[in-house]
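Structural overview
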Amino acid sequence: MHAVTEHSAPFQYSDAAHKEVKSLMTKYPEGRGKSAIIRALHIAQEENEGWLSVPAMDHVAEVLGITPIEVYEVASFYSMYNLAPVGKYVLEFCQTGPCAIEGAERIIEYTKLKLGIGKNQITPDGMFTIKQVECLGACGYAPMMQVGEFFHEHLDEAKIDQFIEDCKAGKIDKGTWKMH
Ligand code: FES
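Criteria and thresholds
- Residues numbered from 1 in each chain as written.
- Predicted model: local features only at pLDDT ≥ 70, side-chain atom pairs only at ≥ 80, totals over all residues.
- Core = buried A, V, L, I, M, F, W, Y, C linked by C-beta atoms within 7 Å.
- Buried ≥ 20, exposed ≤ 12 C-beta atoms within 10 Å, placed from the backbone.
- Domains from an automatic or database assignment.
- Contact = placed C-beta atoms within 7 Å.
- Helix = DSSP H or I, 4+ residues; strand = E, 2+ residues; numbered from the N terminus.
- Pairing = 2+ DSSP bridges.
- Axes fitted to C-alpha atoms, helices over the stretch in contact; angles between N-to-C directions.

In this structure, Ala40, Ala44, Leu52, Val60 and Phe93 are the most contacted members of the largest nonpolar core, which totals 37 residues. Both domains that meet at this core, namely domain 1 (15–77) and domain 2 (89–168), each give it at least three residues. Not counting residues up to four positions away in its chain, the partners in contact with Ala40 are Val21, Leu24, Val60, Val63 and Leu64.

As structure tokens, this is what we get:
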């Protein structure tokens, strides 16, 4: 679970996003708009440079017709939501048992040293953030990380080097929040 971070920049869905969320809400019974919260938060995150500020979450609450605390509870429960600013590419390393046994800690430390950042920090060029998360369901391919929509599996130092190089060369266009 993460702490909810304050940020004052105002947030509002784009017209298209607002329409999408409203349309999602119609798929649930009257008064159950909250059921659309998972996607509604993803959309807000995508439109807020990859993270959910308090104004963004408050806006989601307003659109869904629920209280802000109901949104904070969900947003702070799942590691896929970022409650503080992040880099363009968020490297979410699994640190749970099977990945740990296969060397996740070594790979995470290697990446931190290579990028010169710690957990939840952003590189000075705004490109990368490292997160450590729990099982992402790819235990058979350990150690692994998720970046945006993609899993990167059987990680080793060479694969990390290549991935970072590819990001810097613009060969990887799917970062954290450009999900479409
Ligand atoms: S333990 Fe890492 S994906 Fe399941």
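Another aspect to go through is the environment of Gly118. Within the secondary structure layout, Gly118 lies in the loop between helix 6 (104–115) and strand 2 (128–133). Linking Gly118 and Gln146, residues 28 residues apart in sequence, is a C-alpha distance of 17 Å.

In this section: the sheet that holds strand 1 (residues 89–94). Note on sheets: strands pair through backbone hydrogen bonds, and any given pair is parallel or antiparallel. Here four strands make up an open sheet; going across it, the order is 2-1-3-4 and the pairing mixed. In this open sheet, the two edge strands, each paired with only one partner strand, are strand 2 and strand 4 (150–152). Neighbouring strand axes in the sheet, compared pairwise and without regard to direction, differ in orientation by 25° on average. Alignment of strand 3 (residues 145–147) against strand 4, held across three bridges, turns out to be antiparallel. Looking at strand 4, one finds that Gln146 is bridged to Phe151.

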